[in-house]
Amino acid sequence: MKALEGVKILDFTHVQSGPTCTQLLAWFGADCIKVERPGVGDATRGQLRDVPDADSLYFTMLNHNKRSITLNTKNETGKEVLERLVKECDVLVENFAPGALDRMGFGWDRIQELNPRMIMASVKGFGPGPYEDCKVYENVAQCTGGAASTTGFLGGPPTVTGAQIGDSGTGLHLALGIVTALYQREKTGRGQKVLAAMQDGVLNLCRVKLRDQQRLQHGPLNEYSQFGQDIPFGEAVPRAGNDSGGGQPGWILKCKGWETDPDAYVYFITQAAVWPAICDLIGKPEWKEEPGYATPPERLDKISQIFDTVEEWTKTKSKFEVMDTCNPLNIPCGPILSMKELAEEPSLRETGTVVEVDHPVRGKYLTVGCPVKLSDSPAEVTRSPLLGEHTSEILSDVLGYTGDEYDRVVSSGAVGDIKAEAAE
Ligand code: CAO
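Residues numbered from 1 in each chain as written. Predicted model: local features only at pLDDT ≥ 70, side-chain atom pairs only at ≥ 80, totals over all residues. Heavy atoms only, no water.

K.L.:
Break down helix α13 (residues 303-314) for me, citing the residues and quoting the values.
P.N.:
Compared with the 16 Å implied by 1.5 Å per residue over 12 residues, the 16 Å span of α13 between its first and last C-alpha is a close match. If you check which residues of α13 are buried, you get Ile303, Ile306, Phe307, Thr309, Val310, Glu311, Trp313 and Thr314. Turning to α13, the residues buried within the fold contact β7 (250-254), β8 (265-269), α11 (275-281), α12 (296-299) and α14 (319-326). (Helix = DSSP H or I, 4+ residues; strand = E, 2+ residues; numbered from the N terminus. Expected span 1.5 Å × (residues − 1). Buried < 20%, exposed > 50% of the residue type's maximum accessible area, 1.4 Å probe, protein only. Contact = heavy atoms within 4.5 Å.)

What follows is the structure, encoded as structure tokens:
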């Protein structure tokens, strides 16, 4: 038995943010019914295609463990089928542009009328306010949520990150909201609206920078390396390069081979508790007691110089040798792992964090597995559905269409091109 077994999700999501959320719920055992436009489907099926005529990795990697039904929800019969789905399901998840569901005739009032227990969960770019009607993609959210203004190097332009904190990050937030609403429904018997705005999700993940914004009113941010370089702070939190976001100074340092390998680097943290061990390691035992170096506050104006010295040592070792040497000494550090290294890492395969999946059109490919492991509800990753692959079984098994009624729906064109005999 899976944790969310018995929960039916009407998955109206597309692109990345919404599908991330419903994929997680499917991994936890929910029956996820993805509704897609006949003949078209989720736009990502065809985006960034690497294998001709096969669903793209963009699509497959976000839509595992789901079923796909094709349905034109603007067609009268399509609306009738959608109504049945709303009545049958526990949660509707969507990330359409603002207003699209209302235009379709399935706004919150109508949903409640059809099914008062329904939880209606939405990702939008912004919450209520001046930008609520805007369409939003990942990098827009990173820019409007505070990530871009605080990422990059001092003096350089704002920078977006590779981690999809706007899309996948907001999908994670929404999944938590849905499960919480399901829990509350146990007591109230009522559904509710759940909204995760991408700007809010990104800002939530950037909270340490909002912390620093307020600290700025009381003086310079002395753990930022610009403090040690005597560069004055402005009115807003600056970009801090690879400075650590916490109280323990850190930086990315070159390792052996950096001249040719773009990922031969390590993140190195000079945690106060292991300062003596660091001094011994880098050949500076005198810094353990030397005035100006012995305590964390004394070192703050010398952070760059200290990291230059540590780097002289890390440059003599591979990033893995640094890790192997520092770990027994409790010195926190992390090699910069490339996607190639992560894809090939055996321990990640063993835990199911990276999974190989077989697909009937594209063949074998790698994907991320469920990043949250439940001991009583292990996730097994199954391939993403082909467009409309489950239309027939959903119409008959989930919605109860049989015989003439089934034929009427199929011949109406509302569900695209499927074989009518499948319901027999
Ligand atoms: N049958 C019939 N029509 C359907 C349908 C179906 N099964 N599924 C979708 N449609 C229609 C919608 O009703 C909508 O029609 P109208 O514009 O006439 O109301 C239309 O398809 C397009 O939907 P959309 O506006 O959501 O898609 P878009 O490509 O114009 O915008 C996006 C995409 C992502 C910018 C927008 O959906 C959005 O801002 N979503 C919220 C924020 C979000 O999740 N962004 C992250 C995306 S991941 O990077």
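K.L.:
Account for the nonpolar core, naming residues and giving values.
P.N.:
Within the largest apolar cluster, 36 residues are counted, with the highest numbers of intra-cluster contacts made by Ile9, Leu25, Val91, Val93, Leu174 and Ile178. Of all elements in the fold, only α1 (17-27), β4 (91-94), β5 (119-124), α7 (168-188), β6 (193-197), α8 (198-205) and β10 (354-359) reach the threshold of two or more residues within this core. Non-local contacts of Val91, meaning those with residues more than four positions away in its chain, are made with Val7, Lys8, Ile9, Leu10, Met118, Ile119, Ile178 and Leu182. In this structure, Ile69, Val81, Met118 and Leu395 belong to the second largest nonpolar core, which totals 32 residues. (Core = buried A, V, L, I, M, F, W, Y, C linked by side-chain atoms within 4.5 Å.)

K.L.:
Kindly report on the pattern of salt bridges, identifying the contributing residues and their values.
P.N.:
Applying the stated criterion across every chain yields a total of 26 salt bridges. The shortest N-O distance in the salt bridge between Lys2 and Glu380 comes to 3.4 Å. Remark: Glu380 occurs in the loop between β11 (363-368) and α17 (391-398) and Lys2 occurs in the segment before β1 (8-12); sequence separation between them is 378 residues. Residue Lys302 pairs with Asp301 through a salt bridge whose shortest N-O separation is 3.1 Å. Looking at Asp301, the relative accessible area reads 45%, which means it is partly exposed. A network of salt bridges, in which partner residues are shared, links Arg211, Asp212, Arg215 and Glu223. (Salt bridge = Lys/Arg side-chain N within 4 Å of Asp/Glu carboxyl O.)

K.L.:
Lay out the confidence of the model for the chain in plain terms, naming residues and giving numbers.
P.N.:
The predicted model of the chain averages 96 in pLDDT, with 99% of residues at 70 or higher. Predicted confidence is poor over residues 420-424, with pLDDT under 50, and the contacts of this stretch with residues over four places away or in other chains come to 8 contacts. (pLDDT = per-residue confidence, 0-100.)

K.L.:
Lay out the pairing of β8 with the relevant residues and their values.
P.N.:
Where β7 lies against β8, 5 bridges are found, and the strand directions are antiparallel. The residue of β8 that forms the bridge with Gly250 is Ile269. Bridge count between β8 and strand β9 (residues 333-335): 3 bridges; the pairing is antiparallel. The partner of Phe268 across the bridge, within β9, is Cys333. (Pairing = 2+ DSSP bridges.)

K.L.:
Quick one: what's the story with helix α18 (residues 403-411), residue by residue and with numbers?
P.N.:
Within α18, burial applies to Tyr406, Val409 and Val410. Projection of α18 onto a plane perpendicular to its axis shows the buried side chains occupying an angular sector of 95°, all on one side. Opposite the buried face of α18, by more than 90 degrees, sit the exposed residues Asp404 and Ser411. In the stretch just after α18, Gly413 is the one whose phi turns positive, near 85°. (Arc of directions from axis to C-beta.)

K.L.:
Can you break down the sheet that holds β6 residue by residue, with the values?
P.N.:
Within the open sheet, the 6 strands sit side by side as β3-β2-β1-β4-β5-β6. Their pairing is parallel. This sheet does not close on itself; its edge strands, each paired only once, are β3 (66-70) and β6. Strand after strand, the sheet turns through a mean of 20° between neighbouring axes, direction not considered. For β1 and β4, the ladder comprises 4 bridges, and the chain directions are parallel. Looking at the pairing, Phe12 lines up with Glu94 of β4. Along the sheet, helix α3 (residues 76-88) makes contact with β1, β2 (31-36) and β4, crossing β1 at roughly 140°. (Axes fitted to C-alpha atoms, helices over the stretch in contact; angles between N-to-C directions.)

K.L.:
Residue-level account of a positive patch on the surface, with values.
P.N.:
A surface patch of like charges, here positive, comprises Arg37, Lys74, Arg103 and Lys135. Tracing the sequence through the fold places Lys135 in the loop between β5 and α6 (138-144). Since its relative accessible area comes to 68%, Lys135 is described here as exposed. (Patch = residues over 30% accessible without salt bridge, like charges linked within 9 Å, V, L, I, M, F, W, Y side chains within 5 Å. Areas by Shrake-Rupley, 256 points an atom, 1.4 Å probe, with all protein chains shown as cover. Lys, Arg positive; Asp, Glu negative; His and termini not counted. Charge placed at Lys NZ, Arg CZ, Asp CG, Glu CD.)

K.L.:
Please set out the packing of aromatic side chains residue by residue, giving values where relevant.
P.N.:
What describes a pair of aromatic rings is the distance from one ring centre to the other and the angle between the planes of the rings. Applying the stated criterion to the full structure yields 6 aromatic pairs. On the numbers, 6.1 Å between centres and 70° between planes, the contact of Tyr224 with Phe233 is edge-to-face. Geometrically, the ring pair formed by Trp287 and Tyr293 is stacked, given 4.5 Å between the ring centres and 5° between the ring planes. Considered together, Trp287 and Tyr293 belong to a single accessibility category, that of buried residues. Taken together, the ring pairs in this structure connect Trp275, Trp287 and Tyr293 into an aromatic cluster. (Phe/Tyr/Trp six-rings, centres within 6.5 Å; stacked < 30°, edge-to-face > 60°.)

K.L.:
Help me get a handle on the site of the ligand, residues and values and all.
P.N.:
Around the ligand sit 24 residues, and of these Ala97, Arg103, Lys135, Val136 and Asp167 come closest. Residue Arg37 places a side-chain N or O atom 3.1 Å away from an oxygen atom belonging to the ligand. Within the backbone of Phe96, one N or O atom sits 3.4 Å away from a nitrogen atom of the ligand. In isolation the ligand exposes 940 Å². Once the protein is present, 84% of that is buried. Sort the elements by how many residues they give to the shell around the ligand and helix α4 (residues 100-104) lands first, with 3 residues. (Near = heavy atom within 4 Å. Polar contact = N/O pair within 3.5 Å; in protein donor to acceptor, adjacent residues only side chain to side chain.)

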